[in-house]
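As a plain string of letters, each chain reads:
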Amino acid sequence: MKCFVNRLKPHLPYLLAIAAAHLLIYRNYWLLKLLFTGGDFHRWEAPAVNFQADCFAAGSWPLWNPFVNFGYPWTDFFGSSFLFPTHAAFSVIFGYCVKTAQLEILCWQIAGGLGMYFCAQAFGISKRASTLCAFSFLFSGQMDALPAWNQLVYNTACFPFMLWGYRLSLGTEKPFSLLAAVFLALSFLGGYAASAVTGAYFFAGFALVDSALRKKPLWGMKFVFFTALLAAALALPKLLPVYLSQGAVPRLAVTPQWRPELGILTTHEFVSFLLPVKHFFSLYCGELTLLAVFFALIARRKTGRNISFLIMFAAGAWFLLVNGRGDPSFLKTVLRGVLPFVKQVRMDFLYWAYPLAFLSLYAAGFFEDFLESAGDKYARGAAALFGTMCVVLFVIFFDARNAFGFLLFHIAIATAWLGMTLIKKRRMQTLAALALMCLEMGIVFERNRVDMPYSDNGRELRVLMTHQNFADRSFRSASLAGQAGWVTYENDAVRPGLRAAVDEPVLHIGKFEAGAVINALNNKKFTATWLNSQERRGFMLLKAQPWFNRLEGTPLFEFRDDAGDGNAAVSFDRLTGSEFAFTVNSAKGGLLVLRQMFDGRWDAVIDGARGPAQICDNFFMQARVPPGKHQVKFVSRDYVFLYSLLASILALVLSVFISIYPFHER
């Protein structure tokens, strides 16, 4: 422990600077004066993790979500995240709600910045340049926008640790990295599957390119294979059930239709490299990043320094480009026919944080050269080039009434960076550079954010909800986001827990208005509500039945008494994420019907005797109960998940042993 502290001590001031900058820029979010207003964050992701937390509180795995689509196998859902460690930790410590979800996102953003610092350090970049690189990544336009889909923050925050693990493995010559594998597995366990897949391919591509440039291509192939194999083993409880469920979920079985407004990288995003005037999907990553690259080009600095970062930035940008019709790039079209799961990578604008990470690391290699240039002609040339490009873009694309002040601001910042090179004392220059980067990113963030103060009267929240993927992208408009509106829904603080759903065992068809959706999911109602058409085929057939709407208000369970006298008694005793428990008392027995979607992984347990549940009314489940008083349970038996979990634990133990064992490639 003492050795670890001693190794960490030289980095501590820089790590504290990264954390302090985040606390300052996001202060209103840390203090919960503002909430992230993304529609998916409020309507789906926070309630989903809230459900998982309630399952743990009830002492069960969330194997089955009874509150969406009249029951859904939760282990099959690609967005489930109950094995993500911080979800469990936050649930136990704070209880999980929208505000808790926001605090967890903020913590992971800081973690991503710290990971970028250590990644840059591992690639030979100085401490202060690594800190500025972390700022560039942490406060980029992409990272500012991703909390609207909180799962993508986890993917992005894990990415620098994967790159760091690769670099450490180069030093030890071990053809795998426990650090990279763990964070790759975490990106699948806690993040959005399509984003995790994209990050995994970008990570593998970087390892192969970089190892080839280092003339170790075979080692690179071994590294990718063993690290990916270990990560897959660690994430097996998530990956295997999702993979096996693809045929049951049409969305996972077919290539999604492309919609231009959901994927295009327009002029907005490219121009925002230089002059950000919108918040959502801006590629802005700080003026110093571009100034350093311009400086290196003008001064003809050695561009081979970490050239693999530049290659991966270009390849990643090409991969994510979408044309005006919504068609993917040529590179992505080719890879869709070669690599698995690339077909599911949709809404390409969501994944630009990965190319920006490579760009930030590449540019960081020239930060020191620029800052130590003492304002020479090359530094002046870089600042002049930046300013000229800003003016040209402003004249071509912008409305002066909306953006003229912002143009002047960025020219002033570029001038300030040029003046920074004239500071003689290195420590003073470092402090000034950190302060300027923090000031710049903070002002850009405040100028472009769309989140508005919410109201909370103890029973209800009133939040401005936005749909970022339909943001206004015109430089000639003052609007920062389209499709924004105020939504009122019940406060998480007054929602019932999982056990309270036993008191209202009634089916609800569900409404798709934003507030109704949030209340249905967070108040634990047995509903047909689901988002983004994530239905299984069985539920889609149920919705097509002419009597589907008549299910509104019907009981969750029903006892069909063989005596037909209506004297049977049924009590609903317990509900968890893997069990429904009843007490049935009837003279002649009968059928206990549970209106949850039939799934072959359910057993009916009567007084301890277990047998498979039977299908009822073509869609639901039932169990035959003999005469008398009996304890009846419907219990999930997801052996695929349980065996995968066991394999994952064994893989983790084995990988720790291999990491400690003094193995070297020969």
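Residues numbered from 1 in each chain as written. Predicted model: local features only at pLDDT ≥ 70, side-chain atom pairs only at ≥ 80, totals over all residues. Heavy atoms only, no water.

### Considering the overall build of the chain
Piece 1. When helices and strands are tallied, the chain shows 26 helices and 16 strands.
Piece 2. Each principal axis of the C-alpha distribution contributes one length, and for the chain these read about 95 × 65 × 50 Å.
Piece 3. Expressed as a percentage of the 666 residues in the chain, the buried residues total 59%.
Piece 4. Contacts spanning at least 24 positions in sequence make up 76% of the contacts within the chain whose residues lie at least 6 apart. (Helix = DSSP H or I, 4+ residues; strand = E, 2+ residues; numbered from the N terminus. Buried < 20%, exposed > 50% of the residue type's maximum accessible area, 1.4 Å probe, protein only. Contact = heavy atoms within 4.5 Å.)

### Things to note about the environment of phenylalanine 137
Piece 1. Within the element layout of this structure, phenylalanine 137 appears in helix 7 (residues 127-138).
Piece 2. Classification of phenylalanine 137 by relative accessible area gives buried; the value is 2%.
Piece 3. For the pair phenylalanine 137 and proline 612, spaced 475 residues apart in sequence, the C-alpha to C-alpha distance is 52 Å.

### Focus: the pattern of salt bridges
It is possible for side chains bearing opposite charge to pair when their charged atoms get close.
Piece 1. One pass over the full model with this rule turns up 24 salt bridges.
Piece 2. Arginine 214 is the partner of aspartate 210 in a salt bridge, and the nearest nitrogen-oxygen pair spans 2.6 Å.
Piece 3. For aspartate 210, a relative accessible area of 4% translates into the label buried.
Piece 4. With a shortest N-O distance of 4.0 Å, arginine 536 and aspartate 599 are connected by a salt bridge. Taken together, the positions of arginine 536 in the loop between strand 7 (526-527) and helix 25 (537-543) and aspartate 599 in the loop between strand 11 (590-594) and strand 12 (602-606) put the pair 63 residues apart, joining distant regions of the chain. Take arginine 536 and aspartate 599: they sit in the same class, and that class is buried.
Piece 5. Each of Asp76, Arg536, Asp599, Arg601 and Asp638 takes part in a single network of salt bridges with overlapping partners. (Salt bridge = Lys/Arg side-chain N within 4 Å of Asp/Glu carboxyl O.)

### Structural notes on the nonpolar core
Piece 1. Residues Phe70, Trp417, Phe580 and Phe634 are the most contacted members of the largest nonpolar core, which totals 215 residues.
Piece 2. Broken down by element, this core gets its largest block of residues, twelve residues, from helix 9 (residues 150-172). (Core = buried A, V, L, I, M, F, W, Y, C linked by side-chain atoms within 4.5 Å.)

### Looking at the confidence of the model for the chain
Piece 1. On average, residues of the chain score 87 in pLDDT, and 94% of them reach the 70 mark or higher.
Piece 2. Element-level mean pLDDT values for the chain span from 68 in helix 14 (residues 250-253) up to 96 in helix 7. (pLDDT = per-residue confidence, 0-100.)

### So, the environment of phenylalanine 404
Piece 1. The topology assignment puts phenylalanine 404 in helix 22 (residues 400-420).
Piece 2. Judged by relative accessible area, phenylalanine 404 falls into the partly exposed class, the value being 41%.
Piece 3. As for phenylalanine 404 and phenylalanine 394, which are separated by ten residues in sequence, their C-alpha atoms are 8.0 Å apart.

### Remarks on the sheet that holds strand 13 (residues 609-612)
Piece 1. Strand order across the open sheet formed by five strands is 9-10-16-12-13, with antiparallel pairing between neighbours. Each edge of the sheet is formed by a strand with only one pairing partner; in this case those strands are strand 9 (569-575) and strand 13. Between one strand axis and the next, the sheet turns by 20° as a mean value, whatever way the strands run.
Piece 2. Where strand 9 and strand 10 (residues 579-586) come together, six bridges link them in antiparallel fashion. In the sheet register, leucine 575 faces strand 10, and the bridge partner there is phenylalanine 580. (Pairing = 2+ DSSP bridges. Axes fitted to C-alpha atoms, helices over the stretch in contact; angles between N-to-C directions.)

### A closer look at the sheet that holds strand 4 (residues 460-465)
Piece 1. Strand order across the open sheet formed by three strands is 3-4-5, with antiparallel pairing between neighbours. Each of the sheet's edge strands pairs with one partner strand only, and the pair in question is strand 3 (455-456) and strand 5 (485-490).
Piece 2. Looking at chain direction, strand 3 and strand 4 are connected through two bridges and run antiparallel. Bridge pairing in strand 4 places serine 455 opposite arginine 462.

### A few points about a nonpolar patch on the surface
Piece 1. A grouping of Phe56, Trp61, Tyr639, Leu642 and Tyr643 is seen on the molecular surface, where their side chains present a nonpolar patch of about 500 Å² in accessible area.
Piece 2. Ranked by residue count, the leading element in the nonpolar patch is helix 26 (residues 639-660), at three residues.
Piece 3. Judged by its relative accessible area of 32%, tryptophan 61 falls in the partly exposed class. (Patch = residues over 30% accessible without salt bridge, like charges linked within 9 Å, V, L, I, M, F, W, Y side chains within 5 Å. Areas by Shrake-Rupley, 256 points an atom, 1.4 Å probe, with all protein chains shown as cover.)

### Structural notes on the pairing of strand 8 (residues 557-561)
Piece 1. Residues Phe557, Phe559 and Asp561 point to one face of strand 8 and are all buried, whereas Glu558 and Arg560, pointing to the other face, are not buried.
Piece 2. Pairing of strand 8 with strand 11 involves five bridges; the strand directions are antiparallel. What sits directly across from glutamate 558, in strand 11, is valine 593.

### Re the packing of aromatic side chains
Piece 1. Applying the stated rule across the entire model yields 63 aromatic pairs.
Piece 2. On the numbers, 5.5 Å between centres and 70° between planes, the contact of tryptophan 61 with phenylalanine 641 is edge-to-face. You can see tryptophan 61 sitting in the loop between helix 4 (39-57) and strand 1 (64-65) and its partner phenylalanine 641 sitting in helix 26, a full 580 residues away along the chain.
Piece 3. With a centroid separation of 6.4 Å and 25° between ring planes, the pair formed by tryptophan 318 and phenylalanine 330 is classed as stacked. One end of the pair, tryptophan 318, is in helix 17 (residues 307-320); the other, phenylalanine 330, is in helix 18 (residues 330-336), with twelve residues separating them in the sequence. (Phe/Tyr/Trp six-rings, centres within 6.5 Å; stacked < 30°, edge-to-face > 60°.)

### Side note on the packing of helix 2 (residues 12-25) against helix 6 (residues 98-122)
Piece 1. Contact pair helix 2 / helix 6: the axes reach a minimum separation of 10 Å and the direction vectors enclose 145°. Crossing handedness for the pair helix 2 and helix 6: right-handed. On helix 6, the residues touching Tyr14, Leu15, Ile18, Ala19 and His22 of helix 2 are Leu106, Gln109, Ile110, Gly113, Leu114, Tyr117 and Phe118.
Piece 2. Of the residues contributing to the contact of helix 2 with helix 6, the split by class is nine nonpolar, three polar and no charged. (Left-handed = near helix turned anticlockwise from the far one by under 90°. Nonpolar A, V, L, I, M, F, W, Y, C, P; charged D, E, K, R; others polar.)

### Some points on the packing of helix 7 against helix 23 (residues 426-448)
Piece 1. For the pair helix 7 and helix 23, the least separation of the axes is 10 Å and the interaxial angle reads 0°. Looking at the two axes, helix 7 sits roughly parallel to helix 23. Between helix 7 and helix 23, the contacting residues are Arg128, Thr131, Leu132, Phe135 and Ser136 on the first element and Arg426, Gln429, Thr430, Ala433, Leu434, Met437, Cys438 and Met441 on the second. (Parallel < 35°, antiparallel > 145°, perpendicular 65-115°, else oblique.)

### Focus on helix 17
Piece 1. Here helix 17 contains 14 residues, and its C-alpha end-to-end distance of 20 Å stays within 8% of the 20 Å for a straight helix at 1.5 Å per residue.
Piece 2. Every buried residue of helix 17 is accounted for by Ser308, Phe309, Met312, Phe313, Gly316, Ala317, Phe319 and Leu320. All buried residues of helix 17 project into a common sector of 165° when viewed along the axis, lining one side.
Piece 3. Those residues of helix 17 hidden inside the fold are in contact with helix 11 (193-213), helix 18 and helix 19 (353-364). (Expected span 1.5 Å × (residues − 1). Arc of directions from axis to C-beta.)

### Considering the environment of tyrosine 201
Piece 1. Topologically, tyrosine 201 is positioned in helix 11.
Piece 2. Among residues more than four places away in sequence, those in contact with tyrosine 201 are Leu339, Pro340 and Val342.

### Points about the side chain of asparagine 306
Piece 1. Looking at the element boundaries, asparagine 306 is found in the loop between helix 16 (287-299) and helix 17.
Piece 2. Under the relative-accessibility criterion, asparagine 306 is labelled buried at 16%.
Piece 3. For asparagine 306, the residues in contact, after removing those within four places along its chain, are Phe123, Ile125 and Tyr362.

### Here's the deal with unusual backbone geometry
Piece 1. Of note, the phi angle at phenylalanine 341 is positive, near 70°, even though the residue is not glycine.
Piece 2. Its location among the elements puts phenylalanine 341 in the loop between helix 18 and helix 19.
Piece 3. Taking the relative accessible area as the measure of exposure, phenylalanine 341 reaches 40% and is therefore partly exposed.

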